[in-house]
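# Architecture at a glance
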Amino acid sequence: MTLSFHSPITPELVHGAVELERTEAGLLPHRLPAWARAQYQDPQLAMVEAQPSGVRLALHTAATVVELVVLPTKRRYGAMAPRPDGIYDLLVDGHLAQQASAPGGKIMDIDMLSGAATMRPGEPQRLRFAGLPPGDKTLEIWLPHDETTELVALDADAPVTPLAASGRRRWLHHGSSISQGSNATNPTGIWPAVAAQLAGVDVLNLGLGGSALLDPFTARTIRDLPADVISLKLGINLVNTDAMRLRAFGPAVHGFLDTIREGHPTTPLLVISPTWCPIHETTPGPTMFDGKALEKGKLLFRAMGNDAERRQGKLTLGVIREQLQKIVQQRAPADANIHYLNGSALYGPEDNARYPLPDELHPEAEAHRLIGERFCALAFRAGAFGEGGA
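Residues numbered from 1 in each chain as written. Predicted model: local features only at pLDDT ≥ 70, side-chain atom pairs only at ≥ 80, totals over all residues. Heavy atoms only, no water.

The protein appears in an unreviewed UniProt entry as Lipase from Massilia arenae.

## Description of the overall build of the protein
Tallying secondary structure elements over the protein gives 11 helices and 21 strands in all. Over its C-alpha trace the protein gives a radius of gyration of 21 Å, about what one expects of a compact globule, namely 21 Å for 390 residues. Considered along the principal axes of its C-alpha atoms, the protein spans approximately 70 × 50 × 40 Å. With an accessible surface of roughly 16200 Å², the protein has 54% of that area assigned to carbon and sulfur atoms. Of note, the protein has its 36 positive side-chain charges centred 4 Å away from the centre of its 42 negative side-chain charges. (Helix = DSSP H or I, 4+ residues; strand = E, 2+ residues; numbered from the N terminus. Rg over C-alpha atoms; globule rule 2.2 N^0.38 Å. Areas by Shrake-Rupley, 256 points an atom, 1.4 Å probe, with all protein chains shown as cover. Lys, Arg positive; Asp, Glu negative; His and termini not counted. Charge placed at Lys NZ, Arg CZ, Asp CG, Glu CD.)

## Side note on the sheet that holds strand β16 (residues 202–207)
Hydrogen bonds between backbone atoms are what pair the strands of a sheet, whose relative direction is either parallel or antiparallel. Spatially, β16-β15-β17-β18-β21 is the arrangement adopted by the five strands of the open sheet, whose pairing is parallel. Looking at which strands have only one partner, the edges of the open sheet turn out to be β16 and β21 (338–341). Across the sheet, the axes of successive neighbouring strands diverge by a mean angle of 15°, strand direction being ignored. Two strands pair when backbone bridges link them, and strand β18 (residues 269–272) and β21 are joined in this way by four bridges, in the parallel orientation. Looking across to β21, one finds that V271 is bridged to Y340. (Pairing = 2+ DSSP bridges. Axes fitted to C-alpha atoms, helices over the stretch in contact; angles between N-to-C directions.)

## Some points on the domain arrangement of the protein
For the protein, the domain assignment lists domain 1 (5–162) and domain 2 (170–381). The centre of domain 1, based on its C-alpha atoms, is set 25 Å off from the matching centre of domain 2. With its nearest N and O atoms 2.3 Å apart, the salt bridge here joins D202 to R56. Here domain 1 and domain 2 share 15 residue pairs in polar contact (both at pLDDT 80 or more) between them. Counting only elements with at least two residues in the side of domain 1 that touches domain 2, the list comes to α1 (34–37), α2 (43–49), β7 (87–92) and β8 (95–101). The greatest single-element share of the side of domain 1 that touches domain 2, amounting to four residues, is contributed by α2. The class makeup of the residues in the side of domain 1 that touches domain 2 is 17 nonpolar, nine polar and five charged. (Domains from an automatic or database assignment. Salt bridge = Lys/Arg side-chain N within 4 Å of Asp/Glu carboxyl O. Polar contact = N/O pair within 3.5 Å; in protein donor to acceptor, adjacent residues only side chain to side chain. Nonpolar A, V, L, I, M, F, W, Y, C, P; charged D, E, K, R; others polar.)

## Comments concerning helix α4 (residues 191–199)
Given 3.6 residues per turn, any residue in an α-helix points the same way as the ones three and four places further on. The element α4 is extensively covered by neighbouring structure, given that seven of its nine residues are classed as buried. When we look at burial in α4, the residues that qualify are W191, P192, A193, V194, A195, A196 and A199. The first or second residue beyond α4 is G200, which carries a positive phi of 70°. (Buried < 20%, exposed > 50% of the residue type's maximum accessible area, 1.4 Å probe, protein only.)

## Points about helix α7 (residues 246–263)
Here α7 is 18 residues long and its end C-alpha atoms lie 27 Å apart, about the 26 Å a rise of 1.5 Å per residue gives. Within the span of α7, buried status applies to F249, G250, V253, H254, F256, L257, T259, I260 and R261. (Expected span 1.5 Å × (residues − 1).)

## What to know about the packing of aromatic side chains
Summed over the entire model, instances satisfying the criterion amount to eight aromatic pairs. Ring centres 6.2 Å apart and planes at 50° place the aromatic pair W171 and W191 in the tilted group. In this pair, W171 sits in strand β15 (residues 170–175) while W191 sits in helix α4, placing the two residues 20 residues apart along the sequence. On the basis of relative accessibility, which here comes to 0%, the residue W191 falls in the buried class. Centre to centre, the rings of F289 and F301 are 5.2 Å apart; their planes meet at 35°, and the pair counts as tilted. With F289 in strand β19 (residues 287–289) and F301 in strand β20 (residues 301–303), this pair connects stretches of sequence that are 12 residues apart. Owing to a relative accessible area of 31%, F289 belongs among the partly exposed residues under this scheme. Given a relative accessible area of 11%, F301 falls into the buried group. (Phe/Tyr/Trp six-rings, centres within 6.5 Å; stacked < 30°, edge-to-face > 60°.)

## Points about the side chain of R321
Turning to its location among the elements, R321 is positioned in helix α9 (residues 317–331). A distance of 3.4 Å separates the side chain of R321 from the side chain of S344, its partner in a polar contact. In this structure R321 touches S273, P274, T275, W276, E281, Y340, N342 and S344, once residues within four positions along its chain are discounted. (Contact = heavy atoms within 4.5 Å.)

## A word on the side chain of D202
Its location among the elements puts D202 in strand β16. Note on D202: relative accessible area 18%, which makes it buried. Separated by 2.3 Å, the side chains of D202 and R56 make a polar contact. What D202 contacts, discounting residues up to four positions off in sequence, is R56, R168, R169, R170 and W171.

See below:
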C-alpha cells in the first residue's frame with residue numbers, strides 16, 4: 001500500500017539532537033556540534049555521539065499508518081554474536097504503543113582490541129506502524145539509543161505537522177554509557193528517558209558512552225545550549241580510561257563547572273557521582289575486556305589496576321564520590337543552585353545484589369528503570385530541581 005502523504009524530515013520534527021548533518025541518505029542526528037567533534041577525532045566519541053540516545057521525531061497527525069525510512073548502522077565485534085537490532089519506540093499521546101526494528105543497513109566491523117573500524121555499505125530500511133487510533137494525536141518515534149540512524153523519509157496516510165513547543169522544562173543531562181543507555185533494551189527504557197517521562201520534562205541526553213571525560217568542548221556545548229535544569233553524572237569513564245590522577249581531577253571538575261556557569265549562571269545544576277560498580281569501588285582502572293570471556297562470545301569487563309595504586313593518585317569510584325561532594329560543598333556558598341547527589345542512592349550495593357551488572361559495568365533494563373524512578377524522586381520531586389517537574 002502506497003501512502004499518499006510524503007513528509008520531508010525537517011529539523012522541526014526532530015527533538016533531542018544538538019545538530020543535524022545532511023548526508024547522502026538523509027539527516028544524521030548528532031549530540032555534539034561539528035566544532036566540538038573536530039577538536040578530538042576519537043573513533044569512540046564519534047560513534048557514540050552519533051548514536052541518537054534520547055532523539056525522537058515528534059509530530060501531530062490523524063494518520064492511522066506511519067512509515068519511517070531509515071538507514072541504520074549496525075556494529076559487529078569480531079567473532080562475537082551480532083548485537084540485537086536497535087529498537088524504535090512509538091509513543092501515542094505519551095504512551096508506548098508499538099515497537100519496530102530495522103534489520104538491514106550499514107555494518108561497522110570493530111576490532112575490539114585495537115578499536116579499528118571498517119564500514120560496509122547498506123540500504124535504507126522501512127519501518128511501518130499501522131493500526132494507530134483514529135483522530136488527532138501526538139506521535140513520538142524514539143530512535144535506538146545505541147544504533148546510529150540516518151533519517152531518510154516519513155510517509156503517512158494523513159498529513160503530519162511538527163509538534164509545537166510543549167512548554168515543559170528542558171532537562172539537559174550529561175553522563176557516560178549508563179546515561180546513554182548501555183544494556184537497556186529500548187530507547188524509552190534508558191534511565192534518563194524513564195525519569196523524564198515521570199517528571200514530565202523534555203530531556204536532552206548528552207550521555208556519551210566511554211566519553212564523559214571532562215572534555216572542555218563538552219562543557220562549552222552544555223554552556224551554549226538552552227536548559228532549565230542541568231545534571232552531570234561524572235567519574236566512571238575517568239576510572240575506565242585511567243585518564244586522570246587526583247591532582248588533575250579537582251581542577252578539571254572546577255573548570256568544567258566554571259565553563260557551564262558562564263552560560264547558565266543560576267540554572268539548577270546537579271552533580272551526580274558514579275553509581276555502584278564493584279570492580280572499581282576501590283580498584284583503579286584502566287578497564288579492559290576479559291579476553292577469555294571474549295573467546296567464549298561473552299562480554300565482560302575487568303579492572304586492571306590494583307588498590308595500592310591509589311597512593312599514586314589513581315582514581316577509584318570511592319575517591320571520586322568523596323571529591324565531588326567536597327567540590328560541590330566548596331562551591332555552594334557562592335552558588336546557591338549547585339547540588340550534589342551520591343550515585344549510590346540511585347544504584348547501590350543492595351541493588352547490585354538484586355540486579356547484578358551483567359557485564360560487570362553496565363546495569364540491565366530493570367536497573368535502568370529503578371535508576372530513572374529514583375532520580376525522578378530525588379531530583380525532580382524533592383531535590384535540586386524541586387517540585388513542578390510535571
